[in-house]
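The lines below spell out each chain.
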2 protein chains.
Amino acid sequence: MEKNSKKSALHEKDGIPQPESFSQSALEKVVRSRKIQPGSEELVNGILAGDIAALSRAITLVESTNVTHLAKANEIINACLPHANKSVRIGITGVPGVGKSTFIEAFGKHLTSLGKKVAVLAVDPSSTISHGSILGDKTRMEELVKDKNAYIRPSASGETLGGVARKTRETIILCEAAGFDTIVIETVGVGQSETAVHSMVDFFLLLKISGAGDELQGIKRGIMEMADAIVINKADGDNINKAKLAKTEFNRALHLFPAKSSGWIPTVSTCSAYEKTGIDAVWQTISDYLELVKTNHYFEEKRKDQNQYWMMETINEQLKNNFYHHPEIIALLEQNKKAVQNDELSPFAAAMILLEKYFK
Amino acid sequence: MEKNSKKSALHEKDGIPQPESFSQSALEKVVRSRKIQPGSEELVNGILAGDIAALSRAITLVESTNVTHLAKANEIINACLPHANKSVRIGITGVPGVGKSTFIEAFGKHLTSLGKKVAVLAVDPSSTISHGSILGDKTRMEELVKDKNAYIRPSASGETLGGVARKTRETIILCEAAGFDTIVIETVGVGQSETAVHSMVDFFLLLKISGAGDELQGIKRGIMEMADAIVINKADGDNINKAKLAKTEFNRALHLFPAKSSGWIPTVSTCSAYEKTGIDAVWQTISDYLELVKTNHYFEEKRKDQNQYWMMETINEQLKNNFYHHPEIIALLEQNKKAVQNDELSPFAAAMILLEKYFK
């Protein structure tokens, strides 16, 4: 392009000064109020009384990287534990674009209309939104966020999925102690996050939309096997027939998978979160599931297994963290990785050299 | 039952003395010969010259639990490494009854008829057959065991899959250094053994037979996704039509899985290991696969990834071993597991108590 000293026809005037997009005085108030740190007993009492401010503060402690905060968080969690567990935990996954937020809003509103108290959490290890963010996911669920029987908390941020998942898992306990009886955990499905969510919920729901006909291509490995229900969203207007076809195809595909140890046969249904149709049927499916697994005791067995799994996962994660962050290991690891790639060292010998150094 | 001092009508006479079922002098010879321990240099030279006795001795060292033997095994493996890797590694899985041994015998004979040198190994963590067993799997492959271009070694025994897999992986290196250009690794599919075998081979083959029509039910989770080829065995006699139907059904099912990063589209074929039909086609499929992945460099990338994976796996396994076998941890672990199950401790808090004790 030719350089032109004259102003382009597309040039816009500077315009009038805009007001600040946030209130300075409100910000100062938030910062000031955060400096007052209530004790853990006070927070526990607040949580058990259903005080949302106390719940939010406790979750902030859970999400903190500060060692003092973590110790306090542990105290609170252990005090809340006997009051937790009286809920149903529902995992919801689906790729971006299937309408997860619209669905969760419609689903959540349906649940609160039935007199339930709903907490919506998220596991998104790619999230960079800090826990203090005033906006975040909430703007996407305008109705639910105003509902006094709903509590929405965006994903904790963190470097590892393990860390994010741990924080979400502890947040579940706090929400349950605060009286929330239905916990919805959303995941965007980055990396192994579905597996992490699957291992902390009672019921796992895969949200889909009907596509170009070849519905099953492009579904992430293992997701179909984890799903207790597949719900095809956006079954409205011109989409209704396509959604019905997709339902048939998913039903056929589900037959290919081995029977679930819960005894439950996964279901496929259609809904329109936008038109609020088929939402009640989703809750009915979950109720049917709960009736089955509470009768055959799979529900409590699974929760016990999940608790044990998370204890072991935490241990294994920490053992690895300690090893791979060891200053002497970091350098030697890179060196040995190269030697293994170039066939100068067997993988086993390379591992042994590192382990000997680590255990001294 | 009433006690009866008279001999029952069912009583059998003691009979004549039986000859010993093994030759005492042969046994002594074996024991004597085992006492002579050649040095690692001697064994390496033997292996590189293609000496089967040296190869077998080295594998016995790899399989040993003796620390001195392991150190010697490591020396040998590292000396063999530059001479390894020039092979194709094929994993074969299938439930008992599909005719794995008959298939491997027919397949192996076909390969040696093409001038190839074939080593047959196994990963079976349930195996209690000691490495010194003279019989084992070999009796099931009468033709192949007599073939001078074939070497059959039963599975190492071991308490953990990790241990058995490590030994098999190192045995691959030794076999390759001894000039075997085609390594077949069989697994019976106990626990996670298919995943272990999948992570040490270039090509993964699932052997099936046609069943009662509902072919896909009962297939273990994840197996279909790992398979590069599904081969339906026993396609002979009355079975031919059923096998063809099964082939159609598997082909349809394979379409449901996401595309492979190798760019390879898994194949389904039928064969009769008994009548030796369709065996050459299996090798043709593998050859086609190799041509593809050597052209698009997936072959070497996968091997590099596998090496790195095994280094990390070995480290992670040892870190866990060290922790879970720690005497102070064992008792506390049981105690904390119970506390977690009874909701007296959060999984995270329980893990932290254990980790603090471990790291002192």
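Only a predicted model underlies this, so the values are computations on that prediction, with no experimental measurement involved.

**A closer look at the interface of chain B and chain A**
Then comes step 1: Each partner contributes residues to the interface: chain B has 56 residues there, and chain A has 55 residues.
Then comes step 2: When chain B packs against chain A, the two sides together hide about 5,300 Å² of surface, and 62% of this comes from carbon and sulfur.
Then comes step 3: Between chain B and chain A we count zero salt bridges in total.
Then comes step 4: Here chain B is connected to chain A by eight residue pairs in polar contact (both at pLDDT 80 or more).

**Focus: the sheet that holds strand 1 (residues 88-93) of chain A**
Residue and element names in this part refer to chain A.
Then comes step 1: With parallel pairing, seven strands are arranged side by side in an open sheet as 3-2-4-1-5-6-7. Strand pairing shows two members of the sheet lacking a second neighbour, strand 3 (150-152) and strand 7 (267-270), which therefore form its edges. Within the sheet, the average angular offset between the axes of one strand and its neighbour, ignoring direction, is 20°.
Then comes step 2: Here strand 2 (residues 118-123) runs beside strand 4 (residues 182-187); their pairing, made up of six bridges, is parallel. Residue Ala119 lies in a different strand from strand 4, and its bridge partner there is Ile183.
Then comes step 3: Against the sheet, helix 11 (residues 279-295) engages strand 1, strand 5 (203-209), strand 6 (229-233) and strand 7, with an angle of about 130° to strand 1.

**Comments concerning the sheet that holds strand 3 (residues 150-152) of chain B**
Residue and element names in this part refer to chain B.
Then comes step 1: Taken in spatial order, the seven strands make up an open sheet running 3-2-4-1-5-6-7, and their pairing is parallel. Edge positions in the sheet fall to strand 3 and strand 7 (267-270), since each has one partner strand and no second. Geometrically, the sheet is characterised by an average inter-axis angle of 20° between neighbouring strands, direction not taken into account.
Then comes step 2: Pairing of strand 5 (residues 203-209) with strand 6 (residues 229-233) involves five bridges; the strand directions are parallel. Across the sheet, Ile209 pairs through a bridge with Asn233, a residue of strand 6.

**Here we look at the environment of Lys234 of chain B**
Residues and elements named next belong to chain B.
Then comes step 1: For Lys234, the location among the structural elements is in the loop between strand 6 and helix 10 (240-254).
Then comes step 2: Its relative accessible area of 33% is what places Lys234 among the partly exposed residues.
Then comes step 3: Setting aside chain neighbours within four positions, we find Lys234 in contact with Gly97, Val98, Gly99, Ile209, Asn239, Cys271 and Ser272.
Then comes step 4: In terms of polar contacts, Lys234 uses its side chain to reach the backbone carbonyl oxygen of Gly97, at 2.8 Å.

**A closer look at the pairing of strand 1 (residues 88-93) of chain B**
Residue and element names in this part refer to chain B.
Then comes step 1: Buried residues dominate strand 1, accounting for six of its six residues.
Then comes step 2: Burial along strand 1 is two-sided: Val88, Ile90 and Ile92 and Arg89, Gly91 and Thr93, pointing in opposite directions, are all buried.
Then comes step 3: Where strand 1 lies against strand 4 (residues 182-187), six bridges are found, and the strand directions are parallel. Residue pairing in the sheet places Thr93 in a bridge with Thr187 of strand 4.
Then comes step 4: In this structure, strand 1 lies alongside strand 5, joined through four bridges in parallel fashion. Of the residues in strand 5, the one forming a bridge with Ile90 is Phe203.

**A word on the domain arrangement of chain A**
Then comes step 1: What the domain assignment lists for chain A is domain 1 (37-83), domain 2 (85-296) and domain 3 (312-359).
Then comes step 2: Computed over C-alpha atoms only, the centres of domain 2 of chain A and domain 3 of chain A are separated by 38 Å.

**What about the state of the cysteines?**
Then comes step 1: Inspection of every chain in the model, using the stated rule, returns zero disulfides over all chains.
Then comes step 2: Free cysteine Cys175 of chain A: the closest other cysteine sulfur is in Cys80 of chain A, separated by 10 Å.

**Structural notes on the relation of the copies chain B and chain A**
Then comes step 1: Overlaying chain B with chain A gives an RMSD of 0.1 Å, the required rotation being 180° about an axis along which the chain moves by 0.0 Å. Classification of the inter-copy transformation places it as that of a two-fold axis. The position closest to the rotation axis in chain B is occupied by the C-alpha of Leu319 of chain B, lying 3.3 Å away.

**Focus on the environment of Asn296 of chain B**
Residues and elements named next belong to chain B.
Then comes step 1: Tracing the backbone through its elements, the reader meets Asn296 in the loop between helix 11 (279-295) and helix 12 (298-324).
Then comes step 2: Separated by 131 residues in the primary sequence, Asn296 and Ala165 have C-alpha atoms spaced 28 Å apart.
Then comes step 3: In terms of polar contacts, Asn296 uses its side chain to reach the backbone amide nitrogen of Tyr298, at 2.9 Å.

**As for the side chain of Lys167 of chain A**
Residues and elements named next belong to chain A.
Then comes step 1: With respect to the helices, strands and loops of the structure, Lys167 is situated in helix 7 (residues 161-177).
Then comes step 2: One buried charge, Lys167, has no salt-bridge partner; the nearest side chain with opposite charge is Glu63, at 7.1 Å.
Then comes step 3: Lys167 has contacts with Val62, Glu63, Ala156 and Ser157, leaving out every residue within four places of it along the chain.

About the thresholds
Residues numbered from 1 in each chain as written. Chains lettered and ligands numbered in written order. Predicted model: local features only at pLDDT ≥ 70, side-chain atom pairs only at ≥ 80, totals over all residues. Heavy atoms only, no water. Contact = heavy atoms within 4.5 Å. Buried area = accessible area lost by both parts, 1.4 Å probe. Salt bridge = Lys/Arg side-chain N within 4 Å of Asp/Glu carboxyl O. Polar contact = N/O pair within 3.5 Å; in protein donor to acceptor, adjacent residues only side chain to side chain. Pairing = 2+ DSSP bridges. Helix = DSSP H or I, 4+ residues; strand = E, 2+ residues; numbered from the N terminus. Axes fitted to C-alpha atoms, helices over the stretch in contact; angles between N-to-C directions. Buried < 20%, exposed > 50% of the residue type's maximum accessible area, 1.4 Å probe, protein only. Domains from an automatic or database assignment. Disulfide = S-S within 2.5 Å. Least-squares fit on C-alpha atoms with pLDDT ≥ 70 in both. Lys, Arg positive; Asp, Glu negative; His and termini not counted.

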